[in-house]
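# Summary of the model geometry
One letter stands for each residue in the lines below.
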There are 4 protein chains.
Amino acid sequence: MPEQRNKKAPGRSRGTTVIETLHYLWILTPNQIAYGTERRTFLCYTINSTDQSVDLRDRRMIHSADKCSDQKSTRERILEAALDIFSSKGYHDARLDDIVEVAHISKGSIYFYFPNKERLFLALVDQFADLIERRATEAIERQPRAGIDRVRAAIMAVIETFGKYRRPAKILLVQAVGLGAPFEKKRLEVTDRFAALIKRHLDEAITVGEIQPIDTAVVAHAWMGAIYNLVIRWVMTGDPPAERIPPTLVPLLLRSVNYPVEEKQGNAV
Amino acid sequence: MPEQRNKKAPGRSRGTTVIETLHYLWILTPNQIAYGTERRTFLCYTINSTDQSVDLRDRRMIHSADKCSDQKSTRERILEAALDIFSSKGYHDARLDDIVEVAHISKGSIYFYFPNKERLFLALVDQFADLIERRATEAIERQPRAGIDRVRAAIMAVIETFGKYRRPAKILLVQAVGLGAPFEKKRLEVTDRFAALIKRHLDEAITVGEIQPIDTAVVAHAWMGAIYNLVIRWVMTGDPPAERIPPTLVPLLLRSVNYPVEEKQGNAV
Amino acid sequence: MPEQRNKKAPGRSRGTTVIETLHYLWILTPNQIAYGTERRTFLCYTINSTDQSVDLRDRRMIHSADKCSDQKSTRERILEAALDIFSSKGYHDARLDDIVEVAHISKGSIYFYFPNKERLFLALVDQFADLIERRATEAIERQPRAGIDRVRAAIMAVIETFGKYRRPAKILLVQAVGLGAPFEKKRLEVTDRFAALIKRHLDEAITVGEIQPIDTAVVAHAWMGAIYNLVIRWVMTGDPPAERIPPTLVPLLLRSVNYPVEEKQGNAV
Amino acid sequence: MPEQRNKKAPGRSRGTTVIETLHYLWILTPNQIAYGTERRTFLCYTINSTDQSVDLRDRRMIHSADKCSDQKSTRERILEAALDIFSSKGYHDARLDDIVEVAHISKGSIYFYFPNKERLFLALVDQFADLIERRATEAIERQPRAGIDRVRAAIMAVIETFGKYRRPAKILLVQAVGLGAPFEKKRLEVTDRFAALIKRHLDEAITVGEIQPIDTAVVAHAWMGAIYNLVIRWVMTGDPPAERIPPTLVPLLLRSVNYPVEEKQGNAV
DNA sequence: AATGAATGAGGTTTCATTCAT
DNA sequence: TATGAATGAAACCTCATTCAT
């Protein structure tokens, strides 16, 4: 009898109820915000990347600053257990009861921190997408010269991060696929962000004259497909061991845009 | 990062340092923010690009829009909010969280003042039943002569009170119905008190000789049903406007016990 | 993940899927339809009384003509059990498991015949409202003369039907109250239909000259309130026994519109 | 009332006496009805007011709109509908009822032809995998010379087939991902078959001396990833139009193994 | 007096699968 | 071959209530 579902998405500018008394605010990454009140800090991953707006009524990811150090917060425990279960069973076969059991919390707690199963899953996707983008960005910033060096650094960082975090990688690349519109939207968003990063630096390489003009959009998506596919195989079967992927893959990619690679790439990485 | 040691758990809306009640938030560009409250939207260009943090207390455009100086007691605030929510959503669809939100108190506070949801609801019913009985009694006492005059005064007082307090009326006449034994008991009790009042004075009227003997118990309940039904319709649909009910209803009731009503009742009320 | 909720209420004129091959059609009452295919008959209570339209996608109340005589159909068993449970426990306290247990069917069967708990409940309300209206109409048709005779016959029929069917009466008059908008809508609809019936024949009585002009709309609602209230008391407490209500109530109502009642109504019923 | 003895359980849509497929219905006045099919709306003034029944066979305006002369076999109809539903909703959001509705068959029929939902889905995957492999093999066989020509022909054939069959492509590349072990097994199997095909002919090209030695296993998987990712994007968003993918992608892949591509692909991008 | 994170029993609803006809 | 009513396990989610602080 949910006669009155909460005012349903009330045109962002007509909120009627006090949500929070806000004291400070961090923009951690382009789609992650933390804001704080006198006593607590709230996290919020849900910036709509299209129109860059945030409706605070969406946030439930409260992070209590009070007892942060002594033991893992409930929210962290949930995320960790969810990572565990979702990555091994997939979205649909994962039951909330599984997560409850692993996290040693109550079912209600999940719904205190996340509005529903879908959003819990998407929080994991977001978390990992943010991590990877940060790693790639940092790797790029470490390269003094614009151009192919940066492209290579970014790719290496991405592969390395995938290699290091097998379970989140599985979630992003496998378990988030084929789940229907809302999930697909998020996946496209994440994927497009990476592709845009690569494209940007490929364009720089063209400007600098390191490689010849080419349709960098298609190249970026092709490269990502190549990377993803090898990572997926590794994640699912362990077959081409993580450390053996870059030595073959990176020169392959660079050659594909006619960038000359010296053929003694044994330690080229 | 935020290490705001709290000054002692201040009720969120009555602290002395409320900076802003924030409702929504846009990240327009990496160093430009807009945020809004119920009434206005603010812009903010000065995100510190290094650590990406913003202390809103440093901002110029912060505007304390509401002073929150409700000095009402917590118990009163709860009852008021409960009246609001229960009357509009009904008992089962009303969540304590709704009341908490409207009352600006904590969920625990409700349980400090009331043992449970049921008793909070019944407190409202009692409150209103007392009010109505008081009004009826006062109206009766203002009538010098025993008999029909008093009956009429009581009925008028009841209708008038219902008309004045639409939300409590809705709670008593609509939302308290069909909730099961404990609620039904209370409702019968309240209803029977009114019926007894009317019966008593009808009996007086018979004694005095104003009307002929009749089964006053049935009459009392029939009258109450008539009154209730019209009030309910008015409360739910607003249809027979409150002021138009008495002129037709009161003569109708009186005639039903063979009390002669002069037929020029345009303003007979 | 209900990514694609079934096309949501598709503007009545753009259905895309074949619902049923229809062969014949009965209009049983103003809001009840039966239609049939080669093999089966379907019932449908859900004519929207406002715009008089029916979307067949709404119907689930299938009545199989195949095995009608030998044993009660599953649908009937469900309705009977639901009547039992809803009338004694009320809507919210009634669990589907209760109904399952009483009806000796599986929980899935309920959802085969009714889209959800709400609609199962409303089917009972509809069923009884239809019955009562039919009884009243028949009683009226048995009266040769227009006017008060018909009014009295209708009222008697209504009271008598309430008296005969205590559980449905409880559902309509008690359990359906205070359940929120969709239920309230139905209740108002039913109530208004009765009130309109009474009003129509009161107006006739005025035309015929049996009673003097009066605001018949208010009278109709007042009368219904009186009737309902006494019936409710009887249903809930058994107190004024059903058979003793009419002898006092009917003359009371008639007198209230100045219709002379001979005062020897001992066996007037 | 309806006593239509049935002539032997005829599949609803292939009986010989389909009168009308009815979608919606208005009761305009007590003796006026409008009803509609997918294509048209009919009016009907002649409800028999006595027994309130309407036999549509007596109506003039009945119009048999569809003949339902699909002579496709039940199994084919199921597979077609399954392709439709699975590709648009994904495995989990697809209900067998959806497929039943689209295929115009009974739920039991599905279980006559397929042991369960999973195997029905996998049948589609198999069907398409076979098709694609056949196309690739045929393309290869049309090339007289071993080596890169054959590799290129195979890739072109695969891309072309994906482009031609968007829905099966979506099933294989998107909807079959992340469904758990049994599905993953099939997917790996299919994918590995393609990869092996490419690898085999790349090895030939090395033998022939067209390209230099390289880890062809990694290359094959990288290429497949590139192809898949662009196809997926096209399938999901339509963005890089199917016909524009090969001109950029094929040279890219060939260059990646140091096969010289003449740089005059004019409108390639 | 006040807080709000945590709980968990219990509800409704879904839907793949079966089987008598 | 075909049907579709019936099944029931299992899933997600709600929300009144508690209690350490």
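About the criteria used
Residues numbered from 1 in each chain as written. Chains lettered and ligands numbered in written order. Predicted model: local features only at pLDDT ≥ 70, side-chain atom pairs only at ≥ 80, totals over all residues. Heavy atoms only, no water. UniProt positions renumbered as here; feature names shortened; annotations may be inferred. Helix = DSSP H or I, 4+ residues; strand = E, 2+ residues; numbered from the N terminus. Least-squares fit on C-alpha atoms with pLDDT ≥ 70 in both. Contact = heavy atoms within 4.5 Å. Buried area = accessible area lost by both parts, 1.4 Å probe. Salt bridge = Lys/Arg side-chain N within 4 Å of Asp/Glu carboxyl O. Polar contact = N/O pair within 3.5 Å; in protein donor to acceptor, adjacent residues only side chain to side chain. Near = heavy atom within 4 Å. Nonpolar A, V, L, I, M, F, W, Y, C, P; charged D, E, K, R; others polar. Buried < 20%, exposed > 50% of the residue type's maximum accessible area, 1.4 Å probe, protein only. Domains from an automatic or database assignment. Expected span 1.5 Å × (residues − 1).

What follows deals with the UniProt feature "DNA-binding region" (unreviewed entry) in chain A. Mapped onto this numbering, the UniProt entry gives "DNA-binding region" (unreviewed entry) at residues 95-114 of chain A. Segment residues 95-114 of chain A splits into 75% helix and 0% strand. End C-alpha atoms: 15 Å apart.

For the pair chain D and chain A, the relating rotation is 180°, the translation along its axis is 0.1 Å, and the fit reaches an RMSD of 0.1 Å. The operation mapping one copy onto its partner corresponds to a two-fold rotation axis.

The next point concerns the interface of chain D and chain A. Listed by partner, the interface residues are 35 residues for chain D and 34 residues for chain A. Interface of chain D and chain A: buried area, both sides summed, is about 3100 Å²; carbon and sulfur atoms make up 64% of it. Summed over the shared surface of chain D and chain A, the result is 3 salt bridges. Across the salt bridge formed by D215 of chain D and R244 of chain A, the nearest N and O atoms sit 3.8 Å from each other. At the boundary of chain D with chain A, the tally comes to 6 residue pairs in polar contact (both at pLDDT 80 or more).

DNA strand F sits among 32 residues. The nearest are R95 of chain A, T74, F112 and Y113 of chain C together with Y113 of chain D. Within the backbone of G108 of chain C, a nitrogen or oxygen atom sits 3.3 Å from a base nitrogen of DNA strand F. Elements with a minimum of two residues in the surface near DNA strand F: α3 (107-113) of chain A, α3 (107-113) of chain B, α3 (107-113) of chain C together with α3 (107-113) of chain D. By residue class, the composition of the surface near DNA strand F is 12 nonpolar, 11 polar and 9 charged.

What follows is about unusual backbone geometry. Phi at N258 of chain A is positive, roughly 65°, even though this residue is not glycine. Position of N258 of chain A relative to the elements: it lies in the segment after α9 (245-256). The partly exposed category is assigned to N258 of chain A, whose relative accessible area is 37%. The backbone phi angle of H104 of chain D is positive, close to 55°, even though this residue is not glycine. Mapped onto the fold, H104 of chain D is located in the loop between α2 (96-103) and α3.

As a structural note, the neighbourhood of DNA strand E is formed by 33 residues, with T74, F112 and Y113 of chain A together with R95 and Y111 of chain C the closest of them. Protein-proximal atoms of DNA strand E, defined as those within 4 Å of the protein, fall in sugar or phosphate at a share of 70%. K117 of chain C is positioned such that a nitrogen or oxygen atom in its side chain is 2.7 Å from a phosphate oxygen of DNA strand E. Tallied by class, the residues present in the surface near DNA strand E amount to 12 nonpolar, 11 polar and 10 charged.

Let us look at the domain arrangement of chain A. All names here are of chain A. Once the domains are mapped, chain A shows domain 1 (4-64), domain 2 (71-113) and domain 3 (122-259). Each of domain 2 and domain 3 has a C-alpha centre, and these two points are 28 Å apart. The interface is formed by 11 residues belonging to domain 2 together with 10 residues belonging to domain 3. Across the domain 2/domain 3 interface, buried area totals approximately 910 Å², and carbon plus sulfur atoms make up 70% of it. For domain 2, the biggest contributors to the area lost against domain 3 are L83, S87 and Y91; these three give 55% of the whole. Where domain 2 meets domain 3, there are 1 salt bridge.

Moving on: helix α1 (residues 74-89) of chain B. All names here are of chain B. Here α1 spans 22 Å end to end across 16 residues, near enough to the 22 Å set by a 1.5 Å rise per residue. Among the residues making up α1, those that are buried are R77, I78, L79, A81, A82, L83, I85, F86, S87 and K89. Looking at the buried side of α1, the elements it contacts are α2 (96-103), α3, α4 (117-141) and α6 (166-175). One or two steps after α1, the chain reaches G90, where phi turns positive at roughly 85°.

Take the pattern of salt bridges next. According to the stated counting rule, one finds 66 salt bridges over all chains in the structure shown. The shortest N-O distance in the salt bridge between D97 of chain B and K107 of chain B comes to 3.1 Å. One end of the pair, D97 of chain B, is in helix α2; the other, K107 of chain B, is in helix α3, with 10 residues separating them in the sequence. What makes K107 of chain B partly exposed here is its relative accessible area of 42%. Several salt bridges share partner residues, and in doing so they unite R145, D149, R152 and E210 of chain A into one network.

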